[in-house]
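# Architecture at a glance
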Amino acid sequence: MLTPLLQRLGSVLDEAGAAWSVVHEESGPRIDDVTLHVAPSAAAAVVDALDRCGFAPLGCGTDHLAPDGPRWLRVRLDDGGPPRRTRTTSRGVTVALLGPDGVGKSTLLAGLATDYPLAIRQIYMGMWQGAGQPGYTRLDAVRAILVRPFRVWWRVACGAVHVTRGRVVVFDRYTYDALLPVTGSWPLLKRPYFWVLAHLAPRPDLVLVLDLPGEVAFARKGESTPARLEAVRQGFLALVPRLGAEVVDAAAPPEQVRADVVARIWRRHRARLAGDPVSRPRPAARTAAPSAPEPAPPATPR
């Protein structure tokens, strides 16, 4: 049975006058595999049709992948000749998930691991873990200040290794957490240190801000207070133009949020797989803004 995307591809091929036929079809739990037989003279037209229908080439020269509704469709071309081989290059992408506690990052990450058809690696990038917890002493704080940059570099290096192997690296939080308004004691000392932390890691290919009202986030997780979570939310939203980030409505049902994020990652990943430059929105120019009231402290002590 032809899938909706394969039917559309067939229509495009018929309009182009390319002869094709399905020689093998297999349905898996997430991906439908289809092998098309095409004449050697029509191979170029078929590849062009695949591109027009949203397919991206994979490592093998005959494999192409595209989302087909909630599932995925992988098409393999058979033109009667020997299998084509292509040298694989770096095809991975990096994604940063930002947002306060309770917006659903953990649920989203678990869903991405099952819904995305290619390999995903998750790396936790939170920099303030342990701060403010019972038993957290000044000695622990000094040790964290000294070790934190090296921890960031190590996690970024691990992500770079996965990217060179063609994987999608999703960072749970990122160094951009350090760009939130500085609160608490010693602000004059914290600002330069946080600025350094925020610029230790390279800019990800895609930055997603999960947006959820503070009251809803508090009701989900019960940590911090609604006012503090709302302050962190507003802090991340204020960073969106500066980071060239995309805002995701985290108040939607988890399945809808997951599908939205998968589509956003795929658009960026497809450009990389196709060998095109990964287009990223430019960060907005920083201009002087009128002074605003001091926001409430963030949910996580820093």
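Here the structure is shown first, and the text comes after it.
Everything numeric here is computed off the predicted structure, so don't read it as measured data.

## Observations concerning empty space enclosed by the protein
Inspection of every chain in the model, using the stated rule, returns two cavities of 30 Å³ or more. For the second largest cavity, the calculated volume is near 30 Å³. Considering the residues around the second largest cavity, the lining is formed by G99, P100, V103, V209, L210, D211, L212, R233, F236 and L237. Every element with two or more residues in the lining of the second largest cavity is listed here: β9 (206-211) and α7 (226-243). Of the residues in the lining of the second largest cavity, the class split is seven nonpolar, one polar and two charged.

## What about the sheet that holds strand β4 (residues 63-68)?
Strand order in the open sheet formed by five strands is β1-β2-β5-β4-β3, and the pairing between neighbours is mixed. Taken across any chain shown, the strands that pair with only one partner, and hence form the sheet edges, are β1 (20-27) and β3 (56-57). Here two bridges tie β3 to β4, and the two strands are oriented antiparallel to one another. Considered in β4, the bridge of A56 is made with L65.

## Digging into the packing of aromatic side chains
All told, the structure shown has six aromatic pairs when counted by the stated rule. Aromatic pair W72 and Y116: ring centres 5.8 Å apart, planes at 70°, arrangement edge-to-face. With W72 in strand β5 (residues 71-78) and Y116 in the loop between α3 (105-115) and β7 (120-124), this pair connects stretches of sequence that are 44 residues apart. Y116 carries the same exposure label as W72, and that label is buried. Centroid distance W72 to W266: 5.0 Å. Interplanar angle 75°. Geometry classified as edge-to-face. Within this pair, whereas W72 is found in strand β5, its partner W266 is found in helix α8 (residues 254-273), the two being separated by 194 residues in sequence.

## Description of the pairing of β4
The side chains of a regular strand alternate between the sheet's two faces. Within β4, five of the six residues are buried, which leaves it mostly tucked inside the rest of the structure. Direction of pairing for β4 relative to β5: antiparallel, over a ladder of six bridges. Across the sheet, P67 pairs through a bridge with W72, a residue of β5. Hairpin connection, β4 to β5: the antiparallel pair is bridged by two residues, and G69 has positive phi, about 70°.

## Things to note about the environment of L98
Its place among the elements puts L98 in strand β6 (residues 93-98). Each C-alpha atom, one on L98 and one on V247, is 9.5 Å from the other, the two residues being 149 residues apart in sequence. If near-sequence neighbours (up to four positions away) are discounted, L98 is found in contact with K105, R173, Y174, Y176, D177, V207, L208, V209, L210, F236 and L243.

## A short note on a nonpolar patch on the surface
On the surface, V142, I145, L146 and V147 cluster together into a nonpolar patch covering about 340 Å² of accessible area. In this structure, V142 sits in helix α4 (residues 138-164). The class for V142 is partly exposed, based on a relative accessible area of 47%.

## Details of the side chain of D205
When you line up the elements, D205 lands in the loop between α5 (187-198) and β9. A polar atom in the side chain of D205 sits 2.9 Å from the backbone nitrogen of T94.

## Quick notes on the sheet that holds β7
Strand order in the open sheet formed by five strands is β7-β8-β6-β9-β10, and the pairing between neighbours is parallel. Each edge of the open sheet carries a strand with a single partner, namely β7 and β10 (246-249). Neighbouring strand axes in the sheet, compared pairwise and without regard to direction, differ in orientation by 25° on average. Examined bridge by bridge, β7 and strand β8 (residues 168-172) share five bridges and lie parallel to one another.

Cut-off values and rules
- Residues numbered from 1 in each chain as written.
- Predicted model: local features only at pLDDT ≥ 70, side-chain atom pairs only at ≥ 80, totals over all residues.
- Heavy atoms only, no water.
- 1 Å grid on protein atoms, 1.4 Å probe; cavity = no way out; pocket = protein on both sides within 12 Å on 5 of 7 lines; lining within 4 Å.
- Points joined across faces, edges and corners; volume = space filled by probe spheres on them.
- Helix = DSSP H or I, 4+ residues; strand = E, 2+ residues; numbered from the N terminus.
- Nonpolar A, V, L, I, M, F, W, Y, C, P; charged D, E, K, R; others polar.
- Pairing = 2+ DSSP bridges.
- Phe/Tyr/Trp six-rings, centres within 6.5 Å; stacked < 30°, edge-to-face > 60°.
- Buried < 20%, exposed > 50% of the residue type's maximum accessible area, 1.4 Å probe, protein only.
- Contact = heavy atoms within 4.5 Å.
- Patch = residues over 30% accessible without salt bridge, like charges linked within 9 Å, V, L, I, M, F, W, Y side chains within 5 Å.
- Areas by Shrake-Rupley, 256 points an atom, 1.4 Å probe, with all protein chains shown as cover.
- Salt bridge = Lys/Arg side-chain N within 4 Å of Asp/Glu carboxyl O.
- Polar contact = N/O pair within 3.5 Å; in protein donor to acceptor, adjacent residues only side chain to side chain.
- Axes fitted to C-alpha atoms, helices over the stretch in contact; angles between N-to-C directions.

The analysis is restricted to geometry; functional conclusions fall outside its scope.
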